[in-house]
Amino acid sequence: MARFRNITVNSTAGTVEVGPGLTWDEVYTELESVGVVVIGGRIAGVGVAGLLLGAGYSYKSSQFGLGIDNIVGIEVVLPNGTFTTVTSKDEDLWFALRGGMNNFGIVTKFTLKSFPQGQVWAGTLVYSPDQLDAFNQAFSKVAQNNDTKAALVGEFAYTSEAVSPTGFVFYDAPTPPAGLFDDLLAIPTVSSDVSTRSFADFVLSTNSTNPPPILRGFNSGVSLTQYTPAILNVLANETLFWGNKLTPLDTNVSVGIALEPFNSGVFSHGSDSAFPPDRSHALFPSAIGYAWSNASLDENHGANVSDASPYINYALFDTPVELLYGENLPRLRAIKKEIDPEDVMGLAGASSHSIS
């Protein structure tokens, strides 16, 4: 899809056409010159199509919902070769394509709502392991705020027999309200680049550095309904446990867990879609990442998930689709049978989460 890289702004309609071959930081950088933004990914290098087809959390999701809640149209080639544009008038495909991954065709263009975008207050706060308890208390408190312009992401990373916490803070204005992030800002940091800056600049600053020569790995995730200090302690302890267990066997082991709270109304901004299977209550994704180079460790890695539907873009490849889509699965399978009776997309290896 690398050739599908168009970006077309329609200021009259308040939309932007975006090619699926782009990354979100490329989109944000291009749109910065015209003072608008679309609802998309939070880290440099994340692709447009994958994030949107899997629902798409954003720094602005508490304000405007998921990425799929801000799609106006989807240009797609169906499995029978038909070229069409799907909108809210196309009830079944509109439902299926928004969160149903690429089980229903090949997307060639998204038309997205655009929003005015000025400077934001944002940055990364890196803490030493001895600040873990203070971080957990502060993160939990800040995560409970009801200001939809605020966003927060945390990370636990295993380093040298300890867990190092990191916080990514965001406010959709040049300065946040007094006191909103004070608990996190009061903790001594190893480094901080929090400042007033452009939206694109912040996203670009989160680009990961070159990793060690890791050859194997997986990302998975669980969904939570809150981040209490007790839950954060459990997640930090899991990070420490697996880091201590695996590092002696492989010096290239990397273990990390991401923490992603949102406003409780994050799912209230859109209509029914393949994901989430239930919009009546919020689910906060926690990404779990392991990487290693020693093939003998392959059997040591696994993930247990609760009954809460994991975020599709974080779900391990063998996560049951029943857990991902819940009560939406029968409808999705009926749409799939009508649109793709010969399972062309499945035979093409379109998705590890095939609903066939």
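Refer to the preceding data block for the structure.
Residues numbered from 1 in each chain as written. Predicted model: local features only at pLDDT ≥ 70, side-chain atom pairs only at ≥ 80, totals over all residues. Heavy atoms only, no water.

What follows deals with the overall build of the chain. Scanning the chain from N- to C-terminus turns up 11 helices and 15 strands. The globule rule puts the C-alpha radius of gyration for 356 residues at 21 Å, and the 20 Å found for the chain is close to it. For the chain, the share of sequence-separated contacts (at least 6 apart) that also reach a separation of at least 24 residues comes to 73%. Of the accessible surface of the chain, which amounts to about 15600 Å², a share of 51% is contributed by carbon and sulfur atoms. (Helix = DSSP H or I, 4+ residues; strand = E, 2+ residues; numbered from the N terminus. Rg over C-alpha atoms; globule rule 2.2 N^0.38 Å. Contact = heavy atoms within 4.5 Å. Areas by Shrake-Rupley, 256 points an atom, 1.4 Å probe, with all protein chains shown as cover.)

On to the side chain of Thr239, then. Structurally, the position occupied by Thr239 is in helix α8 (residues 229-246). For Thr239, a relative accessible area of 1% corresponds to the buried category. Here Leu235 takes part through its backbone oxygen, which lies 2.9 Å from a polar atom of the side chain of Thr239. Among all residues touching Thr239, those that are not within four sequence positions of it are Phe156, Ala157, Tyr158, Val163, Val255 and Ile257. (Buried < 20%, exposed > 50% of the residue type's maximum accessible area, 1.4 Å probe, protein only. Polar contact = N/O pair within 3.5 Å; in protein donor to acceptor, adjacent residues only side chain to side chain.)

This part covers the side chain of Glu260. Mapped onto the elements of the fold, Glu260 is located in the loop between β14 (254-259) and β15 (284-292). For Glu260, a relative accessible area of 2% puts it in the buried group. Here Arg42 takes part through its side chain, which lies 2.6 Å from a polar atom of the side chain of Glu260. Not counting the four nearest positions on each side in its chain, Glu260 is found in contact with Arg42, Leu152, Val153, Tyr227, Phe284, Pro285, Ala287 and Tyr314.

Locating Ala151 in the fold gives a position in strand β9 (residues 150-159). By relative accessible area, which is 10% here, Ala151 ends up buried. Taking the C-alpha atoms as reference points, Ala151 and Val18, 133 residues apart in sequence, are found 24 Å from one another. Setting aside residues no more than four positions away along its own chain, Ala151 makes contact with Tyr59, Phe168, Val169, Phe170 and Phe181.

Time to look at the sheet that holds strand β1 (residues 7-10). In space, the 5 strands of this open sheet follow the order β1-β2-β6-β4-β5, with antiparallel pairing throughout. Edge positions in the open sheet fall to β1 and β5 (83-86), since each of these has one partner strand only. With strand direction ignored, the average angle separating the axes of adjacent strands in the sheet is 15°. With 6 bridges connecting them, strand β4 (residues 71-77) and strand β6 (residues 106-113) associate as antiparallel partners. (Pairing = 2+ DSSP bridges. Axes fitted to C-alpha atoms, helices over the stretch in contact; angles between N-to-C directions.)

Let us now look at the packing of aromatic side chains. Tallying each qualifying case throughout the model produces 19 aromatic pairs. Ring plane angle 25° and centroid distance 4.0 Å describe the contact between Phe64 and Phe115, whose orientation is recorded as stacked. Of this pair, Phe64 sits in helix α3 (residues 61-64) while Phe115 sits in strand β7 (residues 115-116), placing them 51 residues apart in sequence. Exposure remark for Phe64: the relative accessible area of 24% places this residue in the partly exposed category. Residue Phe115 is classed as buried on the basis of its relative accessible area of 15%. Site record: aromatic cluster; members linked through ring pairs are Trp24, Tyr28, Tyr59, Phe170, Phe199 and Phe202. Directly above the aromatic system of Phe95 lies the positively charged group of Arg331, at a separation of 3.9 Å from the ring centroid. (Phe/Tyr/Trp six-rings, centres within 6.5 Å; stacked < 30°, edge-to-face > 60°. Lys NZ or Arg CZ within 6 Å of the ring centre and 35° of its normal.)

This next bit is on empty space enclosed by the protein. Scanning the model with the defined rule gives 1 cavity of 30 Å³ or more in all. When its volume is computed, the largest cavity comes out at roughly 90 Å³. Sorting the residues of the lining of the largest cavity by element identifies α5 (132-143) and β9 as the ones contributing at least two each. Looking at the lining of the largest cavity element by element, the count peaks at 3 residues for β9. The residue makeup of the lining of the largest cavity, split by class, is 7 nonpolar, 3 polar and 1 charged. (1 Å grid on protein atoms, 1.4 Å probe; cavity = no way out; pocket = protein on both sides within 12 Å on 5 of 7 lines; lining within 4 Å. Points joined across faces, edges and corners; volume = space filled by probe spheres on them. Nonpolar A, V, L, I, M, F, W, Y, C, P; charged D, E, K, R; others polar.)

So yeah, pure geometry; function would need other evidence.
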